[in-house]
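Now for the letters of each chain:
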Amino acid sequence: MRLLVTGGCGFIGSNYIHYLFRNHEDVTVINLDKLTYAGNPLNLESIEKAHGGTRYFFEKADIADPEAVRRILEAHPVDAIVNFAAETHVDRSINDPAPFVTTNVLGTQNLLTMARSAGVERFVHVSTDEVYGDLGPDDPRFTEATPLKPSSPYSASKAAADMLAYAYYRTYGFPVCITRCSNNYGPYQFPEKLIPLMFRLASTDAPLPVYGDGMNVRDWIHVDDHCHGVHLTLLKGTPGKAYNFGGNAERTNMDVVRTMLSLLGKPESLITYVKDRPGHDRRYAMDYAMARRELGYEPRYTFEQGLADTVAWYQANGAWMESVESGAYREFMNTWYGDRR
Ligand code: NAD
Ligand code: TYD
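Residues numbered from 1 in each chain as written. Chains lettered and ligands numbered in written order. Predicted model: local features only at pLDDT ≥ 70, side-chain atom pairs only at ≥ 80, totals over all residues. Heavy atoms only, no water.

Here the focus is the site of ligand 1. The local shell around ligand 1 holds 28 residues, among which Ile12, Asp33, Thr88, Tyr154 and Lys158 are the closest. Take Lys34: an N or O atom from its main chain is 3.1 Å from a nitrogen atom of ligand 1. Ile63 has a polar backbone atom sitting 2.9 Å from a nitrogen atom of ligand 1. Considering ligand 1 on its own, with 840 Å² of exposed area, one finds that the protein chains cover 97% of that surface. Among the elements of the structure, helix 1 (11-23), strand 5 (122-128) and helix 6 (153-172) are those that each provide at least two residues to the shell around ligand 1. Ranked by the residues each element gives to the shell around ligand 1, the list is headed by strand 5, at three residues. Among the residues making up the shell around ligand 1, the classes are represented as 13 nonpolar, 11 polar and four charged. (Near = heavy atom within 4 Å. Polar contact = N/O pair within 3.5 Å; in protein donor to acceptor, adjacent residues only side chain to side chain. Areas by Shrake-Rupley, 256 points an atom, 1.4 Å probe, with all protein chains shown as cover. Helix = DSSP H or I, 4+ residues; strand = E, 2+ residues; numbered from the N terminus. Nonpolar A, V, L, I, M, F, W, Y, C, P; charged D, E, K, R; others polar.)

The next thing to look at is the side chain of Asn253. As for its placement among the helices and strands, Asn253 is situated in helix 9 (residues 253-264). Since its relative accessible area comes to 11%, Asn253 is described here as buried. Other than its neighbours up to four places away in sequence, Asn253 contacts Leu194, Gly214, Asn216, Arg218 and His280. (Buried < 20%, exposed > 50% of the residue type's maximum accessible area, 1.4 Å probe, protein only. Contact = heavy atoms within 4.5 Å.)

Moving on to the state of the cysteines. In this structure the tally under the stated criterion is zero disulfides. Left unpaired, Cys9 is separated from the closest cysteine sulfur, that of Cys227, by 14 Å. Residue Cys9 is classed as buried on the basis of its relative accessible area, which comes to 1%. Sulfur of Cys177: no disulfide; nearest cysteine sulfur belongs to Cys181 and is 15 Å away. Among the residues examined, Cys177 registers a relative accessible area of 1% and is labelled buried. (Disulfide = S-S within 2.5 Å.)

Our focus in this paragraph is the pattern of salt bridges. For the coordinates displayed, the defined rule picks out 15 salt bridges. Across the salt bridge formed by Glu294 and Lys241, the nearest N and O atoms sit 2.6 Å from each other. Here Glu294, found in helix 10 (residues 289-295), pairs with Lys241, found in the loop between helix 8 (223-236) and strand 11 (242-245); they are 53 residues apart in sequence, far enough to count as distant. Among the residues examined, Lys241 registers a relative accessible area of 27% and is labelled partly exposed. Between Glu268 and Arg258 there is a salt bridge, with its nearest N and O atoms 3.0 Å apart. (Salt bridge = Lys/Arg side-chain N within 4 Å of Asp/Glu carboxyl O.)

This is the structure in structure tokens:
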């Protein structure tokens, strides 16, 4: 199979490309990435070395640029596209929503248009549980029938992209599936998100900023389980459908931070409560019964095992953290993130 993967230098996209080369011998991957602060070609160095120029190609481009996407699809005809490229951090979207609309909405629309005119036979659009809004403590988990009610500029831009994907199926019969997943963790995650940020700060005995009361709940999933779900959707998903994926692991932020501190042997006195995020979603939880029934999906990691493996990966890959830190992370810590403390 020849696949165009967008956002393949980011956290989940790079894990997906590693997953493909680990599990499927017959795959050729074209990785299209703009290399924003979140993209790091180093994430794919081993694949580039092993397969570059024969089964792996990298194209630096913007999914919102029609000419660039057209040129790439002409140069590399593909059977399918998996769209991970996005602006992804809720806090950044609160600070400046514009790039979220440009990439997540216009970029997705452009990619759908170019894919359709190139005759691409399958398109998986990677979305998020955040399009559903949030849940109270006793509400049932989100299903695919839950109405979309996004809270942040990030989730609103992802919901808009989902609507466009549905429209391309309904109007043009374009074979698109949507995946909606809960919070991921694992190797190669940029340290602005909760788990790698807390790892990074605790490792250097810096205070850990917990928003509000720390009782917000996320349904944590190891990135390999998400990648497996995306790939099952690519192979077996029914066009025009969205599939939920979750990790069966609802945890409060305080649970996550405490587990991290205990894995690192650090004291709970590092925890610092800070001003809450505006519009902060209280709880996410995914019902993935449809993915289990139709695709055979089941998460393989428990949260405790997945987090221990992830911490071990970050400890063994200090050079990766240093390469990220020397650039975008330092800027992130020194500028607007500092205002939250
Ligand atoms: P990330 O921020 O780590 O990576 C995003 C990647 O997209 C980067 O490599 C970046 O350079 C690239 N990119 C950004 N704008 C682009 C553009 N205009 N053109 C081409 N490339 C561009 O994100 P992630 O955490 O890997 O998330 C990937 C996808 O999964 C996103 O669509 C996100 O909404 C979705 N998702 C993420 C999570 C999560 O917990 N991280 C959960 C559910 C769904
Ligand atoms: P995050 O990793 O940004 O993912 P999302 O907002 O998409 O769920 O945040 C996960 C949870 O952790 C969320 O409830 C916000 C909280 N959080 C903190 O308490 N402190 C932090 O420094 C960060 C980055 C997040």
